[in-house]
Structures are given as structure tokens and as C-alpha cells.
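Residues per chain are reported as follows:
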Amino acid sequence: MANNQYVVSEIDGEKYCIEISKVKEIKRPKEITINELPNTPYSIDGIINLRGDVVPILNLRKKFKLEASKISKETRIIIAMVDSVLVGLLVDKIYTVDWINTSKLSEPLEMMKIDSHYISEIGSKDEDLFFVFDLEKLIS
Amino acid sequence: MSSLDYLIPMFLEDTKEYIDYFEKELLKLAENADGPNAYNEVFRITHSLKSVSATLGFEKMSELSHHMEDLFLKCKSDTMSLNDEILSQLFKCVDILRAIHLSISKSKIMDVELYPTIDELILDIEVFIAESEENIETIEIEESKETSKETISEVAEALPEEISVETAKEIKGEINDESKTEAVEKTTKEMCMTCDNETTKLSTIRVEIEKIDKVLKLVGEFIVDKEILNQLGQNLKKSFKRDPDVKNLLEIIEHINSVGTEIQNTVMETRMLPLEIIFDRFPRAVKELSMKLDKKIDFSISGQSTELDRGIIEQLHDPLTHIIRNAIGHGFESKDERIKQGKDPIGKLKLSAKYEANHVVIEIEDDGRGIDIDNVKEKAITNGLISRESAESLSDDELLHYIFEPGFSTAKKVTELSGRGVGLDVVKLNINRLNGMVNIKTKLGAGTNFIVKLPLTLAIVSALLVKEDKYTFGLPLASVVEIIRLKGDVEVKKVHKIGNREVFNWRDQIIPVIWLGKSFGVDSPLSDNKRIVVIINYADQKYAFAVDQISGEQEIVIKSIGSYIGSGKLFGDMKGVVGVSILGNGSFAQIVDIGALIRMSTNSI
């Protein structure tokens, strides 16, 4: 059991968490231009210019093979630092930033919409379930 | 004092260098102290020591240096000469300076216990100087002003070249009017000024590399912004042709362009280092390895003063070491074998570097057994790198490049020396990362020549920008030979199909055609006969790159995306791109890895 502060995002109605220490910033898609890159996997929307740094944008809906949705007012890009490289994660919206008690995910849960391979821990609060991303697995 | 504490590490480094150098020069003087010029160096060093110690408030140290400086000034002006007694006191000065250095490096302050010894030395020097002045006075009384004038003109002439003839004349002129002491004072001042100039030239300032890297990064951003400015300026020019402010703006932009280029060049220059730094490490490595393998090798190095960006130099050691080890391990035959073939039993290994246009070319040449191309072909086929069919259609040079492919090793078994799982593919990868390329020339039985071609600078290159559908690609301008528009039938007819390969007739040379867009899975909306062909020179071979549209030429800053490429990484196994760069309009261009693209397209046939 660990109590950590997380940035909680929402994808297809489920709540996914990223440890706050790994999050650099959160951007709105309209603030930046996502430039497409040929010859990249389907889940890569492109790259952005983040003050001179090149950051790839990973569309998590596409990554999880969920139905693609249009970029809305609520869509956000979470810029995270994983293994000393920057990556932008495109999510439906930001739900909250909060302290959550989590524990290791020992076996896949049936109600999960995505591959449990990408989830390292799970927690609950106020009857909501929170899945913590395994960022290293997410970007490989 | 404490406010200057941050300067102490630099001070310590500088003074250590000064003291060591001073001792060395002093030893030279002890051997031979002919003429006033002999004292230039020691005078300069003591002067520098005086200045730096005074700056940081180490007064005693400054005082001692000041006296030493005075002493050498007398020597320079020929009014005294170094005898053994003075020399031994000077060596004591060196010792005490070292002691001071040590105490400052330990506790950031001068040990007060050193003061008495310093005072003693200062007193001794004062005595020496006083004695010499007594001598001078007697001469002065006897001789006319004329002599002193001469002495001083001599000094003036003996000054380092930096002092211009004018200054020398000035001094001479002043001597006529002013009294001797004043003139000497003046000369001293002038000399000190010269010294300051010289010091900065000789003993460079130490700057942390992070700082230069930061400046370079900022310059990179500045270049990107500059390009955006240029773009905006052009847009404004179109919209507001007559506006005087726009005209002013464009002029300013023009100026920014030239200043920008200069800043960039200067920063790049500060990062330049001679190849010596890595070349010097090789003789020992060669010696050790050749002894271990019982091969006799005559290793020669030339062009080690060729300069390259330090970022490149740092990355160069490993690949060069690899090539050299390879040459010793595989390239050279055993002694007996060489004798049997009528070769000199001592193998010749040459490492050389030279400038070539905007590049530095490093060659590693051996006179060993050479590479057996048939062997390479078989190996490439057995390892599944190429089909037998396509292998047959490749030239020897093209086949040779397969030794740089991952999973290729011609060595019969992995030895301790050359194995270790890394091969020439890593060499090539490392060199490519630096925007450089490797080429091989080999002759069976006669030897192999590895040619590494590197850009002078790392991050900023000129690129030809081409458009394929909505994507922009950058081709390194240095490899572009010619741009040909395929309009009308005449030009289109120059494209032929031979078997599966498309070739282009370029100046009666048949060269392969590579479709840039298709190589990246981009479909072109244009019909084939509206294409543009860019003739590219790669490893002394020409290739015709067919592209959609040329969108211009630009200085670009390459941003690596290497950390996202590879199996299991975000972009997957993306090939053919060395990096991306941000363009004037804020979009990106992908910088094409020409070598990889050529190999990609030869493989896909």
C-alpha cells in the first residue's frame, strides 16, 4: 500500500493516474501544433515543439485500441518524463490531482478496458477505481 | 573576500599552470639567458600571477610576484643578470608559490605561517634590485642620456611583436623629452599592457563546457527564431510593400542574419579542439594490441592538429578505436603470412586527418590482406541481409557497405579483441549520429582504407528542404550535387528501368533512382513526369533522389529523436531519419539519413 500524489486523467470514462513527480506540465492541444511524422506507429499522433525540445505525442486512445475520438475542449496533453525522455500523452481530459492509496496489481481485472500490461498499480477512493500507468511499458 | 570565493577554483587552476610554466621557463633561463628576450616569458608569468592574486586579495602573493616582476624587468633592461644566487632565490619563490597554492586550495586563505618566508624572499629580491641600481647609477653618471635612450629603445625593440612600430617610436620619442625614470615607467606600463594582451592569447580562459553548451543551445534556438523572423519579414513585405517600418524591419532582420551567423561561427570555434586529443591515445593501444597478437606494426599519425567540434571529437574515440583494433586484429596478416606473400613483415598502419571543404576526413589505412568482397557477399546472403538475386546486381562498393550492417561479422570466430558483440554497425551508427559517413576502399591482398568523413560542426547544418505531400524533408546540402526538373519528355526519358531497378541517366552516368516519398510511405499526388530529381553524392557514388517539390534552403538545427527510435521504443524501428528540425513556420522537417535510405531502397528491390 502506498499513498502518492497523482495526476488523474480520464480515457473512455476510466481514470488513469500518473505519478505527479513524472509530470512536467499539461498542455491544451490548441496551444501547440502537432506535426505528423510519416512511418511511425498508428498510436503516434506526431511531434510537438516544446520550447525547442522535440516531444512525441502518444494518443492513448489509439494505443489502447479504443475508439478514436475527436480533440475536444477538454482534451489535454500530459507531458511526462519517462526514463529521462519526454513524452506527451494525449488523454480525454484531466480529472483531478489527488492523493490516492494504491496497491500492486497482481492479476488483471475483468472490468478493465485496456491491456493490464500497462497498469502497475490500482487504487480506489470514493468508490472510484484508479489505475496507475506503468509509463515505461506505455512508451515501449 | 567571500564574495569572490567562487573565483577561487579558477584561480587555483590558473596559478598552478602559471607556477609550473614559470618553473619550466626558469630552468631554461638557468641554462641560457641571452638577451632581453629571454626574460619575456617569466616576466609575463609573474605579471599574470601578480594580477590574479591581487584580484582575489591575496596581497602577500601579489607582493611577491610584483617583486619578481621587478626583478625580471631589470633583467630585461639589461641592468642586471641572473646569477646562481638570484636563481636559487627564484626557485625558492617557486616553492613558496606552490605552498601558497596548496594552502589556498585547502582552506581558501593563505596560511599566515608562510608570511615570514615570503617577506624574507621579498627582502632578498629588493636587495638584488638595489644592488643592480647602484651599478646602473655609476654608469649613468658617466654616460650621457644617449645611452639610456638606447637601452630603452632596445627594450622597446625587444618587446614582443604585438607592440607596433608606432608604439616603439612613441616610446623613443618620449624618451627625448622625459626624464629617464619616467620613460622607464612608461615602458613598463606599455609592456604590462602588451603582457595582458599576450596572456589572454596564450593562457586561455577556462570555461565550463556546460556553459558553452548552453550558449550553443541558445544559439540553436536563436537560429530557429531567426528563420521564423525571416519568414515573417517576407510575409510582411508582401502585404505591406510600401510601409517604411517594414523596410526598416527587413533591414534589421538582414543585420540579425549576419550577426547570427557570426555568433554561431564564433561559438562553434570555441568548441573546436584538435584531433590530437584522441589521436595521442592510439599509439599505445596499437603497440599493446600488436604485441599481444605478435604482429609488427609501424603506426604513423598525421594531421592531428585538424580541429573538430568537441562534441564530435568525444564521440569519435570509440569508433576510431574500433576501426584500428579491427585493422590490427583482422586487417593485418600474421608475420609469417606477410613474409610468404613477399610483403614487408612490418605492417603499415596510417591514421591521418585533413580538411576537405566543410568536412574533416579521417583515414585509417592498413596494408594488410584487404577485404574479400565475395566473402562479404556470401556472408550477407547467409545472414539474410540480402537475397542472392539482388546481391548479384550490386556493385562491389555497394556490397562492401554490408559489413556495416547489424548482424554482420566476417571474423570466423569471435575473439577477445574484436568480438564482444559490437561490430562495424556500431561504428557506422556512431559516425552517422554525428552526421558523418564511413566509406571503405579495399584491395584484396593490398590493404583496406577506412574513410570517415565528418562535418566541422555538429548541430547546425544547411539543408535542402523538399516537400512530399504534407511532409517536409531535409537533405544535407553538402551532399547535393545538382537539382534537375523533370519537365517534358526529354528529361523523363532519362529515367530507365533495368530489371527491377530504376536508373537515371545523369551526364551519361547511369545512377540509381530513389523515390524519397515512397521510401517513407508517403504517396505523392504528383504524376511522375512533374518530379524533381536531386542528384546526391554519397560515398563517392551518385544517386538520383526523386522528390515532389523543392521548398528552399535553410540553416537547420538538428534535434535528435534517436531516443524514441528502435525496437520497443515509441517510434518503433524507424529508419532513414537522422533527426528532425524546427522550421521557420514552426513545423518540422525530417532530416534524411541518406546512407540509410540508399541501403533501404537497395534492399527493398
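See above for the structure.
Values in this document were obtained by computation on a predicted structure and should not be read as measured data.

### A few points about the overall build of chain A
In step 1: Within chain A, the regular secondary structure consists of two helices and 10 strands.
In step 2: Along chain A, helices and strands appear, N-terminal first, in the series β-β-β-β-β-α-β-β-β-β-β-α.
In step 3: The burial tally for chain A puts 51% of its 140 residues in the buried class.
In step 4: A separation threshold of at least 6 residues defines the contact pool for chain A, and within that pool the share at least 24 residues apart is 55%.
In step 5: Of the roughly 7200 Å² of accessible surface on chain A, 44% is carried by carbon and sulfur atoms.

### Section: the nonpolar core
In step 1: By size, the foremost hydrophobic cluster in this structure holds 79 residues, and its most contacted members are Phe133 of chain A together with Phe545 and Phe571 of chain B.
In step 2: For this core, the element with the most residues is strand E7 (residues 85–91) of chain A, which contributes six residues.
In step 3: Residues in contact with Phe133 of chain A, not counting those within four places in the same chain, are Ile11, Tyr16, Cys17, Ile18, Leu60, Phe64, Ile114, Tyr118, Ile119, Ser120 and Leu138 of chain A.
In step 4: Formed by 49 residues, the second largest nonpolar core is a distinct cluster that contains Ile312, Ile323, Val427 and Phe450 of chain B.

### Some remarks on the sheet that holds strand E5 (residues 53–59) of chain A
Residues and elements named next belong to chain A.
In step 1: The mixed open sheet is built from five strands, whose spatial order is E3-E6-E7-E5-E4. Single-partner strands in this sheet number two, and they are strand E3 (23–27) and strand E4 (44–50). For this sheet, the mean angle separating the axes of adjacent strands, direction not counted, is 30°.
In step 2: Inspection of the sheet shows E5 paired to E7 by three bridges, in the parallel sense. Across the sheet, residue Asn59 finds its bridge partner in E7, namely Leu90.

### A closer look at the sheet that holds strand E9 (residues 119–125) of chain A
Sheet strands pair by backbone hydrogen bonding; their relative direction is either parallel or antiparallel.
Residues and elements named next belong to chain A.
In step 1: With mixed pairing, the five strands of this closed barrel are ordered in space as E1-E2-E10-E9-E8. Recorded for the sheet is a direction-independent mean angle of 45° between the axes of neighbouring strands.
In step 2: Both strand E1 (residues 2–11) and strand E2 (residues 14–19) contribute to a ladder of six bridges, which runs antiparallel. Its bridge partner lying in E2, Ile11 is registered against Glu14.

### Things to note about unusual backbone geometry
In step 1: For Asp12 of chain A, which is not glycine, the phi torsion reads 50° and is therefore positive.
In step 2: Inspection of the secondary structure assignment puts Asp12 of chain A in the loop between E1 and E2.
In step 3: Positioned with a positive phi, Asp508 of chain B is a non-glycine residue whose angle comes to about 65°.
In step 4: Its place among the elements puts Asp508 of chain B in the loop between strand E12 (501–506) and strand E13 (509–515).

### So, the pairing of strand E18 (residues 588–592) of chain B
Residue and element names in this part refer to chain B.
In step 1: A large share of E18 lies buried, amounting to five of its five residues.
In step 2: Side chains Phe588, Gln590 and Val592 project from E18 onto one buried face, and the interleaved Ala589 and Ile591 project onto a second face that is buried too.
In step 3: Strand direction decides the pairing type here: strand E9 (residues 471–476) and E18, joined by two bridges, are parallel. Paired with Gly474 across the strands is Ile591, a residue of E18.
In step 4: Across five bridges, strand E17 (residues 577–582) lies against E18 in antiparallel orientation. Counted as the bridge partner of Ser581 is Ala589 from E18.

### As for empty space enclosed by the protein
Empty space among the atoms becomes apparent when a probe as large as a water molecule is rolled across them.
Residue and element names in this part refer to chain B.
In step 1: Under the criterion given, the structure shown has three cavities of 30 Å³ or more.
In step 2: Around the largest cavity, the lining is made up of 14 residues, and of these Asp397, Glu398, His401, Tyr543 and Ile598 lie nearest the centre.
In step 3: When residues of the lining of the largest cavity are traced back to their parent elements, those giving at least two are helix H17 (396–400), strand E15 (541–547) and helix H21 (594–603).
In step 4: Considering only residue class, the lining of the largest cavity consists of six nonpolar, five polar and three charged.

What counts and what doesn't
Residues numbered from 1 in each chain as written. Chains lettered and ligands numbered in written order. Predicted model: local features only at pLDDT ≥ 70, side-chain atom pairs only at ≥ 80, totals over all residues. Heavy atoms only, no water. Helix = DSSP H or I, 4+ residues; strand = E, 2+ residues; numbered from the N terminus. Buried < 20%, exposed > 50% of the residue type's maximum accessible area, 1.4 Å probe, protein only. Contact = heavy atoms within 4.5 Å. Areas by Shrake-Rupley, 256 points an atom, 1.4 Å probe, with all protein chains shown as cover. Core = buried A, V, L, I, M, F, W, Y, C linked by side-chain atoms within 4.5 Å. Pairing = 2+ DSSP bridges. Axes fitted to C-alpha atoms, helices over the stretch in contact; angles between N-to-C directions. 1 Å grid on protein atoms, 1.4 Å probe; cavity = no way out; pocket = protein on both sides within 12 Å on 5 of 7 lines; lining within 4 Å. Points joined across faces, edges and corners; volume = space filled by probe spheres on them. Nonpolar A, V, L, I, M, F, W, Y, C, P; charged D, E, K, R; others polar.

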